[in-house]
Amino acid sequence: MAATTEGQDKVLATAQRIVQSLHNTSDTDDMLLILSAFDNRLSTLSSFVSSDDPSSVTQKSASSAVDPRFEAAEQIILNEADSSSLTDDYFSAVDELIQSTEELNLNYRDGELQAGVQAADTRCDVMERAENALQVAMMRLEDEFRHILIRNTVPLDPERLHRSSHSSSTVSIAVPDFFNDDVSESLEDVSSGRYSHHRRGRGVSFGGDDVSLDLIHQDAVIDLRQIADRMIRSGYEKECCQVYCSVRRDVLDECMVILGVEKLSIEEVQRVEWRLLDDKMKKWIQAVKVIVRGLLPSEKDLCEQIFIGSDLIKEVCFLETAKGCVMQLLNFGEAIAIGRRSSEKLFRILDMYDALAGVLPDLQSLFMDEEAGDMVCSEAKGVLDGLGEAAIGTFVEFENAVQTESSRKTLQNGEIHPLTRYVMNYVKFLVDYSDTLNALLENAEENAEDESGRVESRNMDNSEMKSMSLIGQRLLALIKSLESNLEEKSRMYEDTGMQYIFLMNNILYIVQKVKDSELQNLLGDNWIRKRRGQIRQYATQYLRASWSKALSCLKDEGIGGSSSNASKAALKERFKNFNVCFEDIYRIQTGWKVPDRQLREELRISISEKVLPAYRSFMGRFGSHLESGRNAGKYIKYTPEDLENHLLDLFEGTPLILHHLRRKST
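None of the values given here were measured: they were computed from a predicted structure. (Residues numbered from 1 in each chain as written. Predicted model: local features only at pLDDT ≥ 70, side-chain atom pairs only at ≥ 80, totals over all residues. Heavy atoms only, no water.)

A. Structural detail: the packing of helix α12 (residues 311-337) against helix α14 (residues 371-404). Here α12 crosses α14 at 20°, and the two axes come no closer than 9 Å. On the basis of the axis angle, α12 is roughly parallel to α14. The handedness of the crossing between α12 and α14 comes out as left-handed. From α12, L319, K323, V326, M327, L330, G333, E334, I336 and A337 reach across to α14, where they touch A372, G373, M375, V376, E379, A380, V383, G386, L387 and A390. For the contact of α12 with α14, the residue count by class is 13 nonpolar, three polar and three charged. (Axes fitted to C-alpha atoms, helices over the stretch in contact; angles between N-to-C directions. Helix = DSSP H or I, 4+ residues; strand = E, 2+ residues; numbered from the N terminus. Parallel < 35°, antiparallel > 145°, perpendicular 65-115°, else oblique. Left-handed = near helix turned anticlockwise from the far one by under 90°. Contact = heavy atoms within 4.5 Å. Nonpolar A, V, L, I, M, F, W, Y, C, P; charged D, E, K, R; others polar.)

B. Expanded view of helix α9 (residues 237-258). Across its 22 residues, α9 extends 31 Å between first and last C-alpha, which sits within 8% of the 32 Å expected from 1.5 Å per residue. For α9, the full list of buried residues reads C240, C241, V243, Y244, C245, V247, R248, V251, L252, C255 and M256. Remark: G260 follows α9 within two positions and exhibits a positive phi of approximately 85°. (Expected span 1.5 Å × (residues − 1). Buried < 20%, exposed > 50% of the residue type's maximum accessible area, 1.4 Å probe, protein only.)

C. Fine view of a positive patch on the surface. Together, K568, K572, K576 and K634 make up a positively charged patch on the protein surface. The leading source of residues in the positive patch is helix α22 (residues 568-589), at three residues. Position of K634 among the secondary structure elements: in helix α24 (residues 632-635). Taking relative accessible area as the criterion, K634 reaches 39% and is therefore assigned partly exposed. (Patch = residues over 30% accessible without salt bridge, like charges linked within 9 Å, V, L, I, M, F, W, Y side chains within 5 Å. Areas by Shrake-Rupley, 256 points an atom, 1.4 Å probe, with all protein chains shown as cover. Salt bridge = Lys/Arg side-chain N within 4 Å of Asp/Glu carboxyl O. Lys, Arg positive; Asp, Glu negative; His and termini not counted. Charge placed at Lys NZ, Arg CZ, Asp CG, Glu CD.)

D. Region of the structure containing the packing of aromatic side chains. What the rule picks out here adds up to 18 aromatic pairs. Here the aromatic rings of Y493 and F502 are separated by 5.3 Å at their centres, their planes lie at 50°, and the arrangement is tilted. F502 shares its class with Y493; the two are buried. These aromatic residues form a ring-pair network of at least three members: F347, F398, Y422, Y426, F429 and Y433. Cation over ring: R140 sits above Y90, and NZ or CZ is 5.1 Å from the ring centre. (Phe/Tyr/Trp six-rings, centres within 6.5 Å; stacked < 30°, edge-to-face > 60°. Lys NZ or Arg CZ within 6 Å of the ring centre and 35° of its normal.)

E. Molecular detail of the environment of Q242. For Q242, the location among the structural elements is in helix α9. Q242 sits in the partly exposed class, given a relative accessible area of 48%. For the pair Q242 and T321, spaced 79 residues apart in sequence, the C-alpha separation works out to 9.7 Å.

F. Unusual backbone geometry, seen in detail. Residue F651 is not a glycine yet carries a positive backbone phi of 70°. Within the fold, F651 resides in the segment after α25 (640-647). F651 gets classed as buried once you look at its relative accessible area, which sits at 0%.

G. Examining helix α21 (residues 525-552) more closely. Here α21 spans 40 Å end to end across 28 residues, near enough to the 40 Å set by a 1.5 Å rise per residue. Maximum bend of α21: about 45°, positioned at S546. (Bend = angle between axes of the 7 residues up to and from the residue.)

H. Just the packing of helix α13 (residues 346-366) against helix α15 (residues 418-430), in detail. As a packed pair, α13 and α15 sit with axes 11 Å apart at the nearest point and diverge in direction by 10°. One finds that α13 runs roughly parallel with respect to α15. Residues L346, F347 and L350 of α13 lie in contact with α15, whose contacting residues are Y426, F429 and L430. A class-by-class count of the residues in the contact of α13 with α15 yields six nonpolar, no polar and no charged.

What follows is the structure in structure tokens.
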């Protein structure tokens, strides 16, 4: 082809010299006619007759001769504009057009001054053809790029994702706000187990082959890369990026829907009632881990595979693709952070904090190369700080609520108060977050003196606080506040004995919750020993309050002498009074409730050890004085064995009445 073109140029140059050698105009015209008849291309010689430079003929002929390769490429592009698929020939044609355009641009810059006006016009004409063909090709490539992206998208499989992470899901302690007028009723559901308790999980794992988060068929990547490379080389990188970002944003948006994350404004989030909001927070926690640790790394890898020739385009496309879903997650986090604080939200807020803190390094790694990426990371850090402040603020409000809770409704049977159940379950689960809470409390202390981070020393022995972590100190203070509150509530019972039963039940419940959890490591064995000693003191005070009157009936004083000459009237009155006291205690205290079996048995044993020996002794000394008389069964109604059996009915929570048949006199 090059040799043919060179020969044609020589013919043209020779003909030009012949024409120029003719000085007569009419001879010149005749020669041009002859040459034109021989070859039509020689008719163009007339435009160069006036030129002083013989080489202009060569320049003109060279510029007017279009490369057949260009023409062939142009034909392929125009003929296959509506073809259903791209072929290797089509890609080769695009490459030829790109190369031709580059060469024409280069030649135009280098040769425009020497070529003259008409040569420049001719080059412009060829350039226009090349650019038009290239534009057609780019439109076709853009459409194909979009179609390949869409056709080869792999949707996120929620079932496989669920199977991969089912063992690590978290469930919160979902409870109502109990600091209100109906505290007993609102907490009954909590204590009876009708609400689920919180268990912390290990998070979503993407190890091994459990779940694939590549949301595109890998076979399509090669075609996408070929198209992207040609569009970028042709100067159509903007269009290429727009198509890519639009399609992949839609893919990530669909993933958010599958993960249960809705597009809600801050105002909409704050209007959602707690049960629904709790579910949304739980889904958010999973979504953060799936998106940041699973989907976004895959998206970034996809950008790097497709836009292999430009680091800038890689980063821009990834940022524009990923930014939307990340900001959607952060907006929800911000709405929670600035929302109304209530105790039931604390565990879920802490879960959200831990989830975001866990993925923040991954987020920073993903968005480290762009200024706009720094903005995303800065926004994430701000939301993280906001969640931390919300957690501490909610915890402080919980502390204050426990201290000031003042419901006047008492439990008729003196058993464990719903406040005790709630607070101790709450505190037990808080221990799972010790590391997080310690870090947040330390930060709060550093940033704000005398505010939420400061531990108050009220009601706390310095020896108890020694060597304790910040969260240990706070939980110790919280339990002390609960104990003080329970002491106040115990005074609402008119029966002094019941006050001590109530305190024993509740303090023992607190001790058991501490022993059965990590609280024991925080508060220590000495704390438990002190509370057990306190329970024993309450038991002693109960015996004194409930049984002193009955036992006073079994004393010798006031009977009128020794056992041999004691007054029968006085003895009758003593036995009668004892019977009345015992029957009243039985009727009342069978309705009292001591849920713990061991404590219930220990109380019965303590009562037996006090009452039965005194009754046996009194009967042994004075029973004979009445048994020989009339109506002895009216006064000596119970044997020691009867009393022992009746004591077994105490503290079961079901009021009973003694229906005693009078013993016949002998």
